[in-house]
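Chain and residue survey
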Amino acid sequence: MAKWLHILSSTLLFGTGIGTAYYMICASRTRNPPIVAAVGKNVVTADWLFTATTIVIQPLTGFYLVFLADIPLTARWISWSIGLYVIAGACWIPVVWLQIRMQRLAAEASDRKSHLPDLYWRYFRLWIALGIPAFFALVVVFYLMVAKPV
């Protein structure tokens, strides 16, 4: 059961991350504030529903599986997985804050019937810059989780 939950939650974590990033990028490229605001609201909701819960489930099930398999936490692939997971999480926290701010800026621009402000685009670039290392960190964690290299 723990292994199934670990795999399911990792799939939800990665899938939600890549899916919400795709839709946020597509919405932003329209430069249409009502679209960006609506998609941004859904992205923030998805992050709280899926990403936040799986961020908690992943280490709980992962440490439990390591315990059951009697693998030391000092094993190289475990240490790398933990470190990369922490990096991804450290990127995710400001990403959520940025998404909330971006959605609010888009909603305000929509209400005023104006363009997305320059601050939106600064946040967007930072959001991308934080998303890239988080994405690659999780890709490597997936590899380590499956391959378990010695």
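Everything numeric here is computed off the predicted structure, so don't read it as measured data. (Residues numbered from 1 in each chain as written. Predicted model: local features only at pLDDT ≥ 70, side-chain atom pairs only at ≥ 80, totals over all residues. Heavy atoms only, no water.)

**Focus on the overall build of the chain**
Applicable threshold: Helix and strand definitions here come from DSSP, where helices need a minimum of 4 consecutive H or I residues and strands a minimum of 2 consecutive E residues; each element is numbered from the N-terminal end. Note on classification: 1.4 Å probe, protein chains only; a residue is buried when its accessible area is under 20% of the maximum for its type, exposed when over 50%, partly exposed between these limits. Two residues qualify as a contact provided that any one of their heavy atoms is within 4.5 Å of a heavy atom in the partner residue. Only the protein chains shown count as cover for residues, with accessible areas throughout obtained via the Shrake-Rupley method and a probe of 1.4 Å. Residues scored as charged are limited to Lys and Arg (positive) and Asp and Glu (negative), so that His and the chain ends carry no count. To locate a charge, take atom NZ for lysine, CZ for arginine, CG for aspartate or CD for glutamate.
Along the chain, the regular secondary structure elements total four helices and zero strands. Principal-axis analysis of the C-alpha atoms gives the chain an extent of 60 × 25 × 20 Å. Among the 150 residues that make up the chain, the fraction classed as buried is 38%. Pairs at least 24 residues apart make up 77% of the contacts formed inside the chain by residues separated by at least 6 positions. Roughly 9,000 Å² of accessible area belongs to the chain as shown, and the carbon and sulfur atoms make up 72% of that amount. Across the chain, the centroid of the 12 positively charged side chains sits 5 Å from that of the 5 negatively charged ones.

**Some remarks on the nonpolar core**
The line we're drawing: Only buried residues count toward a nonpolar core, which is a set of Ala, Val, Leu, Ile, Met, Phe, Trp, Tyr and Cys residues joined through side-chain atoms within 4.5 Å.
Judged by nonpolar contacts, the single largest core of 32 residues is most densely connected at Met 102, Leu 116, Tyr 120 and Trp 127. If you list the elements that add at least two residues to this core, you get helix H1 (2-30), helix H2 (33-68), helix H3 (76-112) and helix H4 (118-147). With twelve residues, H3 is the single largest residue contributor to this core. With residues near it in sequence (within four places) discarded, Met 102 still touches Met 24, Tyr 120, Tyr 123, Phe 124 and Trp 127.

**Some details on the side chain of Asp 47**
To keep it simple, the criterion reads: What counts as a salt bridge is simple: a side-chain nitrogen of Lys or Arg found within 4 Å of a carboxyl oxygen of Asp or Glu. A 3.5 Å cut-off defines polar contacts: any pair of N or O atoms within that distance qualifies, except that in protein one atom must be a possible hydrogen donor and the other a possible acceptor, and neighbouring residues in sequence count only when both atoms are side-chain atoms.
Summarising the element assignment, Asp 47 is placed in helix H2. Put simply, Asp 47 is tucked away with no salt bridge, and the nearest opposite charge, on Arg 104, sits 14 Å away. Among the polar contacts made by the side chain of Asp 47, one reaches the side chain of Gln 99 at a distance of 2.7 Å. Other than its neighbours up to four places away in sequence, Asp 47 contacts Thr 16, Thr 20, Ala 52, Trp 92, Val 96 and Gln 99.

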